[in-house]
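The lines below spell out each chain.
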Amino acid sequence: MAEPGVETRLRSSVITARAAASFEPVGRSVATARAFVRDTLQGWGYSDVVDDAVVLTSELVTNAVVHAGTTADVLCLRSDEAVRVEVADHYPEREVPLQSAGQPFGSPDSEGGRGLLLCAALASRWGVEYTPTEKQVWFQLDLPQRPVGARSAGPLLPVTMLPVADGHVRVAVIQIDREGTVSAWNEDAEVLFGYPAKHVIGKQLTDFAAWPHTPGTGTGIADALQLSRWEGSYGISGADGRVVPVYASHLRVRDAEGEPSTVCLLVRDEERAVLQTPQRAPQSSSNTFADHRTTDPFEVFIGSPAPDDLDGLLQRTVERARDMLDADAAFLLLATDDETELEVRATTGLPSARQRFARVPVETGAGRYGSARMPAVHEDLAAVPGAVPLLNGTGMRSVVTVPLKVEGRLTGSLGISAEAPGRYSNEEALRLQFAADRIALAVESARLGELEKLRRGSLSFLVEASDLLAGTLDRDQTLALMAQMTVPTLAAWCAVYTIADQSSEPYLSYVLHEDEERIDGLKALLSKISPPEPVPTPGARIWAAPGEAAHQAALTSSMRSLGLGSSPALGSGIGTTLATAAAVGGETVVLPLVARNRVIGMLTLGKPSDDHFRQEILELAEDLSRRAALALDNARLYSERTAISQALQRSLLPPGLPEVPNVEVEVIYRAAGEGNEVGGDFYDLFPIHDGAYGFAIGDVCGTGPEAAAVTGLARHALRLLAREGFAGPAVLERLNAAILDEGSRSRFLTLLYGELWPQEDGSAVLKMVCAGHPLPLRLRQDGTVEPAAEPQPLLGVMEDLELYEQSMTLDPGDVLLCVTDGVTERREGARMLGDDGLADVLSTCTGLTAGAVAGRILRAVERFAAEPASDDMAILAMRVPEPHAD
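All of these numbers come straight from a predicted model, not from anything done at the bench.

1. Looking at the overall build of the protein chain
Thinking step 1. Helix and strand content of the protein chain: 19 helices and 35 strands.
Thinking step 2. Going through the 886 residues of the protein chain one by one, you find that 47% of them count as buried.
Thinking step 3. Considering only contacts in the protein chain between residues 6 or more positions apart, those separated by 24 or more positions represent 61%.
Thinking step 4. Accessible surface, the protein chain as shown: approximately 43,200 Å² in total, 51% of it carbon and sulfur.

Quick look at the structure:
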């Protein structure tokens, strides 16, 4: 049965394509059905009737899945003159309301019959058919007639809605030969860019193109000039030095000689409608549903090919959204992981300062219009200032914002705005929400991919940073590494403040900028402002002082240059001051350096003018600050302990060697191990009384602090006992008792101790006791080398020692050489220098001074083996000089 006056389906039309789908009896199926019909008709190129078809399908499917509670089958048919959509449900007993004089056909306010009322109002033809198992409502929308040769045309718009252009729209025509050089340059190009043709022809286009002008353009200019067709945005550097944003259409052709060349048509970017080709989905020529491929709704909106990177996808999205609703600006923000803030990731039509990675709260006020979780239409921002924080101060009045959601979770917000109030209504919000639903999943997938890359890069960065920081214990090098790892990877500039102790003020220890010429100005700026407060709370916090100080300095400097003030400005001139202000004019954050529950400094990171940090970078910087703080504190502790150790070690060495009359004395001391100044070996030479001098050279068994303690005990005990008048054997016997009193801390000690008396005849008398030590060697003037003492028991082993001293006289020209076992036991594989090797070297030192003798012995020991010495060495050389002839 059919409604009177309503035609049944025309069988004379030739069906050229079909698409079908079934929808379960659940509420979300209505939106899915709308998307199916919209995507199908757009894929067929029938955008003229899409909106009406979607409205009718929505009502009919609602009747089926909501009111009738059955599955809805939707079939789309394409013919040359019309589009036909059939919606069938499985509730054939449901009556169709009939229109009569006493009964209205339907009411907009009632659910029942409203779909048929809309069919009667919007469709060219419609009807209802029954079968034993289903009821089918269909409608047909005739296609508007297009003039022959017209490929596409936009809708009729009021004059006030048409895009604004200059009084004279200029189209620059530039021809590029196969080498990429300009071969033609028309008059409009001269006017647009300021270059006469004779100055441009023969030069490379790349000399003038600022490529790419639009973020996300993945094709390079050289590649674009090789394509048969290309459209896009970039910039041309004008004769006045400014970049002119243009929209270009490139066509690859062959010239009269058959050589390939490219014709480029360029207009100002705001006049892109002159050249831009409307995005059209490919039409399907299949005659069966099995062969028909439904157009991807994402590709319908975003265009093909889709950008393969997140930034390109977001920029394409805002441009499409702006064009779709004829807006002045568009913006897209992504939500942080906790969904409390939105981060600006792409804008078009807004000042560049608005502003990648700036953050705004998700909830800006009470109610749905203050939340990014719900669509919102603001007819006039002047009436609700601050409702959309991103647009403060931009002059925008009308705003539509819609959420991007994936599986019910807020992932972002898409918005469009216009300078005129009252431009948008719920209809535009619905269209924008459709667009947001199409791209939400793709954006979230691309965001997660970018985040995964960033996290992998962050992990690699932190591993490398940890290795570098662990590789040094030098404080200054640690500070330099901290700054160099953050600039320019994380920030444009960095400053490190250190705190010596809890009562000290933070001190500016290191400053680095990615532009070395800005470092001095930045350091001067930071030195003039109070350092940030050392707060132990983890995480980055905003520090506004550098930006405010830079702004004030730039203002003061500018006023001085105009003769309006005399206050001193930072830097050497207005150029330096303004450059410094631009360098620190962006966001500045401070991260505490906390180690061992104490704030030891602050890491300050900054961006240039109007730039912001993204959340992932701040989290990475926080991880780095924890590692850097521990490395810096380790360097501090190492420096302090090294200073203490070196001070204690120096206390074990003689403060200085006295001048002995008529005797040359030279000492060479080498402690084994990095950072050691004193080991188990020691020496001493000191005055006793009445022209007598005591000397000693010894070797404590072992190394480290215990050996150094016995060294200190021995050196100080020798001086004290000798000056008390004890002879050499008595001095060593009492020293032996003192060593044994140390108990478990005692160490064996080999010691050569002697007393020296210079004589008036130029000789020197010596008395020595050699307690387990390598024997001293005497070198005579004739080159003879002989031992100068006999071996006796070492110290620290037995309590009762019976030691004796031996006397000898050094004649003029004689040398007495005393060494520790680090010299005689120098090894190279199975070879050892030994006493005989030392004697052979000494025999070659006849006529040398004491310093030359000691130096030759040291060189011989070092050259004996390639490996560095593993034992301490001490060399004491004493020589009685020969008298000078008158």
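2. What about the environment of Leu60?
Thinking step 1. Considering the arrangement of structural elements, one finds Leu60 in helix H2 (residues 50-68).
Thinking step 2. Overall, the relative accessible area of 5% leaves Leu60 in the buried class.
Thinking step 3. Spatially, the C-alpha atom of Leu60 lies 9.6 Å from that of Val74, the residues being 14 residues apart in sequence.

3. Remarks on the confidence of the model for the protein chain
Thinking step 1. Predicted confidence across the protein chain gives a mean pLDDT of 80, with 83% of residues reaching 70 or more.
Thinking step 2. Here residues 213-217 is modelled with pLDDT under 50, and outside its nearest four sequence neighbours on either side it reaches 15 contacts, counting other chains as well.

4. A closer look at the pattern of salt bridges
Thinking step 1. Throughout the structure, instances matching the rule amount to 27 salt bridges.
Thinking step 2. The shortest N-O distance in the salt bridge between Asp311 and Arg345 comes to 3.3 Å. Taken together, the residues span a long stretch of sequence, with Asp311 in helix H8 (residues 310-324) and Arg345 in strand E13 (residues 341-348) at a distance of 34 residues.
Thinking step 3. In this structure Asp311 comes out as partly exposed when scored by relative accessible area, which is 26%.
Thinking step 4. Given a relative accessible area of 4%, Arg345 falls into the buried group.
Thinking step 5. One continuous salt-bridge network, built from bridges that share partners, spans Arg596, Arg598, Asp633, Arg636 and Glu640.

5. Some thoughts on the sheet that holds strand E2 (residues 72-78)
Thinking step 1. If you walk across this open sheet you meet the five strands as E1-E2-E3-E5-E4, and the pairing is antiparallel. A strand with exactly one partner marks an edge of an open sheet, and here the two such strands are strand E1 (17-23) and strand E4 (125-130). Strand-to-strand twist across the sheet, computed as the mean angle between neighbouring axes with direction ignored, equals 15°.
Thinking step 2. Here six bridges tie E2 to strand E3 (residues 82-89), and the two strands are oriented antiparallel to one another. Within the sheet, the bridge partner assigned to Val74 lies in E3 and is Val87.
Thinking step 3. Seen against the sheet, helix H1 (residues 29-44) touches E1, E2 and E3 and runs at an angle of roughly 170° to E1.
Thinking step 4. Strands in contact with H2 are E1, E2, E3 and strand E5 (135-142); relative to E5, the strand with the most contacts, it is inclined by about 175°.

6. Things to note about the pairing of strand E9 (residues 229-237)
Where a strand is regular, its side chains alternate between the two sheet faces.
Thinking step 1. As paired elements, strand E8 (residues 209-210) and E9 share two bridges and run antiparallel to each other. Looking at E9, one finds that Ala210 is bridged to Gly235.
Thinking step 2. As paired elements, E9 and strand E10 (residues 243-254) share nine bridges and run antiparallel to each other. Across the sheet, residue Ser233 finds its bridge partner in E10, namely Tyr247.
Thinking step 3. Taking the residues that link successive antiparallel strands as the turn, the E9-E10 hairpin has five residues, and the phi of Gly241 there is positive, at about 90°.

7. Quick notes on helix H11 (residues 519-527)
Thinking step 1. Of the positions making up H11, those classed as buried are Ile519, Gly521, Leu522, Leu525 and Leu526. Buried residues of H11, seen end-on, are gathered within an arc of 165° and therefore sit on one face of the element. Facing away from the buried side of H11 by more than 90 degrees, the exposed set consists of Asp520 and Ser527.

8. Quick notes on the packing of helix H9 (residues 426-470) against helix H10 (residues 475-486)
Thinking step 1. Where H9 meets H10, the closest approach of the two axes is 10 Å, and the angle between their N-to-C directions is 165°. With respect to H10, the element H9 is oriented roughly antiparallel. Crossing handedness for the pair H9 and H10: right-handed. In contact with Phe461, Ala465, Leu468 and Leu469 of H9, H10 contributes Thr478, Leu481, Met482 and Met485.
Thinking step 2. Residues belonging to the contact of H9 with H10 are distributed by class as follows: seven nonpolar, one polar and no charged.

9. Concerning the nonpolar core
Thinking step 1. Formed by 50 residues in total, the largest nonpolar core has its most connected members in Met482, Leu526, Leu593 and Leu605.
Thinking step 2. Where this core is concerned, the elements lending two or more residues are H9, H10, strand E18 (493-498), strand E19 (507-513), H11, strand E21 (588-595), strand E22 (598-606) and helix H14 (615-651).
Thinking step 3. In terms of residue count, H14 provides more of this core than any other element does, nine residues in total.
Thinking step 4. Setting aside its immediate chain neighbours within four residues, Leu605 contacts Thr486, Ala491, Trp493, Cys494, Glu587, Thr588, Val589, Leu591, Phe613 and Ala621.
Thinking step 5. Ranked by size, the runner-up nonpolar core spans 34 residues in total, among them Phe36, Leu60, Ala72 and Ala123.

10. Overview of the packing of aromatic side chains
The description of an aromatic ring pair uses the distance of the two centres, along with the angle that the planes make with each other.
Thinking step 1. In this structure the tally under the stated criterion is seven aromatic pairs.
Thinking step 2. On the numbers, 6.5 Å between centres and 45° between planes, the contact of Trp185 with Phe208 is tilted. Separated by 23 residues along the polypeptide, Trp185 in strand E7 (residues 182-185) and Phe208 in the loop between helix H5 (197-200) and E8 bring together distant segments of the chain. No difference in accessibility class separates Trp185 from Phe208, as the two residues are buried.
Thinking step 3. Each ring, one from Trp230 and one from Tyr234, has its centre 6.1 Å from the other, and the planes form 40°; the classification is tilted.
Thinking step 4. Looking at Trp230, the relative accessible area reads 11%, which means it is buried.
Thinking step 5. Assessed through its relative accessible area of 1%, Tyr234 is described here as buried.
Thinking step 6. Among the aromatic residues, those joined into a cluster by ring pairs are Trp185, Phe193, Tyr195 and Phe208.

11. Quick notes on the packing of H1 against H2
Thinking step 1. Direction vectors running N to C along H1 and H2 enclose 150°, while the axes themselves pass 9 Å from each other. Put simply, H1 runs roughly antiparallel to H2. Crossing handedness for the pair H1 and H2: right-handed. Contacts from Ser29, Val30, Ala33, Arg34, Val37, Arg38, Leu41 and Gln42 in H1 reach Val50, Asp51, Ala53, Val54, Thr57, Ser58, Val61, Thr62 and Val65 in H2.
Thinking step 2. Looking at the contact of H1 with H2, its residues break down into nine nonpolar, five polar and three charged.

12. Considering unusual backbone geometry
Thinking step 1. Backbone torsion omega between Val487 and Pro488 reads 0°, so that peptide bond is classified as cis.
Thinking step 2. Summarising the element assignment, Pro488 is placed in the loop between H10 and E18.
Thinking step 3. Notably, Asp326 is not glycine yet its phi reads approximately 50°, a positive angle.
Thinking step 4. For Asp326, a relative accessible area of 31% puts it in the partly exposed group.
Thinking step 5. A positive phi angle, near 60°, is found at Asn597, a position not held by glycine.
Thinking step 6. As for its position among the elements, Asn597 is in the loop between E21 and E22.

13. Description of the sheet that holds E21
Thinking step 1. With antiparallel pairing, five strands are arranged side by side in an open sheet as E19-E18-E22-E21-E20. The sheet is open, and its two borders are formed by E19 and strand E20 (541-542), each paired with just one other strand.
Thinking step 2. In the sheet, E20 pairs with E21 via two bridges, with the strands oriented antiparallel. When the sheet's bridge partners are listed, Arg541 is paired in E21 with Val590.
Thinking step 3. In the packing of H10 onto the sheet, contacts are made with E18, E19, E21 and E22, and the angle to E19 comes to roughly 40°.
Thinking step 4. Across the sheet, H11 is in contact with E18 and E19; its angle to E19 comes to roughly 150°.

14. Focus on H2
Thinking step 1. A rise of 1.5 Å per residue sets the reference length of H2, with its 19 residues, at 27 Å; its end C-alpha atoms lie 25 Å apart and thus fit the reference within 8%.
Thinking step 2. At Thr62, H2 shows its largest kink, close to 25°.
Thinking step 3. Most of H2 sits inside the fold, with 14 of its 19 residues counted as buried.
Thinking step 4. Taken from the residues just after H2, Gly69 is the one with a positive phi, measuring 70°.

Conventions and cut-offs
- Residues numbered from 1 in each chain as written.
- Predicted model: local features only at pLDDT ≥ 70, side-chain atom pairs only at ≥ 80, totals over all residues.
- Heavy atoms only, no water.
- Helix = DSSP H or I, 4+ residues; strand = E, 2+ residues; numbered from the N terminus.
- Buried < 20%, exposed > 50% of the residue type's maximum accessible area, 1.4 Å probe, protein only.
- Contact = heavy atoms within 4.5 Å.
- Areas by Shrake-Rupley, 256 points an atom, 1.4 Å probe, with all protein chains shown as cover.
- pLDDT = per-residue confidence, 0-100.
- Salt bridge = Lys/Arg side-chain N within 4 Å of Asp/Glu carboxyl O.
- Pairing = 2+ DSSP bridges.
- Axes fitted to C-alpha atoms, helices over the stretch in contact; angles between N-to-C directions.
- Arc of directions from axis to C-beta.
- Parallel < 35°, antiparallel > 145°, perpendicular 65-115°, else oblique.
- Left-handed = near helix turned anticlockwise from the far one by under 90°.
- Nonpolar A, V, L, I, M, F, W, Y, C, P; charged D, E, K, R; others polar.
- Core = buried A, V, L, I, M, F, W, Y, C linked by side-chain atoms within 4.5 Å.
- Phe/Tyr/Trp six-rings, centres within 6.5 Å; stacked < 30°, edge-to-face > 60°.
- Expected span 1.5 Å × (residues − 1).
- Bend = angle between axes of the 7 residues up to and from the residue.

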